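# Examination of the molecular architecture
One letter stands for each residue in the lines below.
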Amino acid sequence: MKHRYLDVTFRKGKVMAAYFYLQRKPGEKSQRTERHGEGILIDYGSDGQPIGIEFLAPDQISAMLQELNQILSQKNIPPVQPNELIPLLAA
């Protein structure tokens, strides 16, 4: 997958889950998951690089964005831009 994208699940008009897919090899699956803070899970591929981010409290994304970008920066991954999370920021 060449581009990052956000997958949001809504139920009865409310955000229930959100997953931010990072660049990864085609067909690559998560090999391990790390919890960061109260609301972020990061999935890692077989090469140890992050391949996706699950938001456990997607309605609180504004508060988590800075922490998330610090984590990504430590792993040499470009930060998440607010425009990549528009559906969550609007919810």
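## Focus: the overall build of the chain
Within the chain, the secondary structure is distributed over two helices and five strands. When the helices and strands of the chain are listed from N to C terminus, the series reads β-β-β-β-β-α-α. Over its C-alpha atoms the chain spans a radius of gyration of 13 Å, differing by no more than 12% from the 12 Å that the globule rule assigns to 91 residues. Within the chain, residue pairs in contact and separated by at least 24 positions form 43% of the contacts whose partners lie at least 6 positions apart. Working note: accessible area of the chain is about 5800 Å², and carbon and sulfur atoms make up 49% of it. If the 11 positive side-chain charges of the chain are averaged to one point and the 10 negative ones to another, these points end up 5 Å apart.

## Notes on the sheet that holds strand 4 (residues 40-44)
Taken in spatial order, the five strands of this open sheet run 1-2-5-4-3, and their pairing is antiparallel. Edge strands, defined here as strands with exactly one partner in the open sheet, are strand 1 (5-11) and strand 3 (32-36). Averaged over all neighbouring strand pairs, the angle between strand axes comes to 20°, with direction disregarded. Bridge analysis of strand 3 against strand 4 gives five bridges, and the strand direction is antiparallel. What sits directly across from Glu34, in strand 4, is Ile42.

## Structural notes on the pattern of salt bridges
Tallying each qualifying case throughout the model produces three salt bridges. For the salt bridge of Glu84 with Arg4, the shortest nitrogen-to-oxygen distance reads 2.7 Å. With Glu84 in the loop between helix 1 (61-74) and helix 2 (86-90) and Arg4 in the segment before strand 1, this pair connects stretches of sequence that are 80 residues apart. Residue Asp47 is joined to Lys25 by a salt bridge in which the shortest nitrogen-to-oxygen separation is 3.9 Å. Of this pair, Asp47 sits in the loop between strand 4 and strand 5 (50-55) while Lys25 sits in the loop between strand 2 (14-21) and strand 3, and the two are 22 residues apart along the sequence. For Asp47, a relative accessible area of 43% corresponds to the partly exposed category.

## A word on the environment of Arg32
Considering the arrangement of structural elements, one finds Arg32 in strand 3. With 13 residues separating them in the primary sequence, Arg32 and Tyr19 have C-alpha atoms 16 Å apart. Not counting chain neighbours up to four residues away, the residues in contact with Arg32 comprise Ile42, Asp43, Tyr44 and Gly48. Polar side-chain contacts of Arg32 include one of 2.7 Å to the side chain of Glu34.

## Brief notes about helix 1
Three- or four-residue spacings in an α-helix give side chains the same orientation, since the helix completes a turn every 3.6 residues. The end-to-end C-alpha distance of helix 1, which contains 14 residues, comes to 19 Å, matching closely the 20 Å that a straight helix rising 1.5 Å per residue would cover. Within the span of helix 1, buried status applies to Ile61, Met64, Leu65, Leu68, Asn69, Ile71 and Leu72. Contacts made by the buried residues of helix 1 are with strand 3, strand 4, strand 5 and helix 2. Phi turns positive one or two residues past the end of helix 1, at Asn76, with a value near 60°.

Reading the values: the criteria
- Residues numbered from 1 in each chain as written.
- Predicted model: local features only at pLDDT ≥ 70, side-chain atom pairs only at ≥ 80, totals over all residues.
- Heavy atoms only, no water.
- Helix = DSSP H or I, 4+ residues; strand = E, 2+ residues; numbered from the N terminus.
- Rg over C-alpha atoms; globule rule 2.2 N^0.38 Å.
- Contact = heavy atoms within 4.5 Å.
- Areas by Shrake-Rupley, 256 points an atom, 1.4 Å probe, with all protein chains shown as cover.
- Lys, Arg positive; Asp, Glu negative; His and termini not counted.
- Charge placed at Lys NZ, Arg CZ, Asp CG, Glu CD.
- Pairing = 2+ DSSP bridges.
- Axes fitted to C-alpha atoms, helices over the stretch in contact; angles between N-to-C directions.
- Salt bridge = Lys/Arg side-chain N within 4 Å of Asp/Glu carboxyl O.
- Buried < 20%, exposed > 50% of the residue type's maximum accessible area, 1.4 Å probe, protein only.
- Polar contact = N/O pair within 3.5 Å; in protein donor to acceptor, adjacent residues only side chain to side chain.
- Expected span 1.5 Å × (residues − 1).

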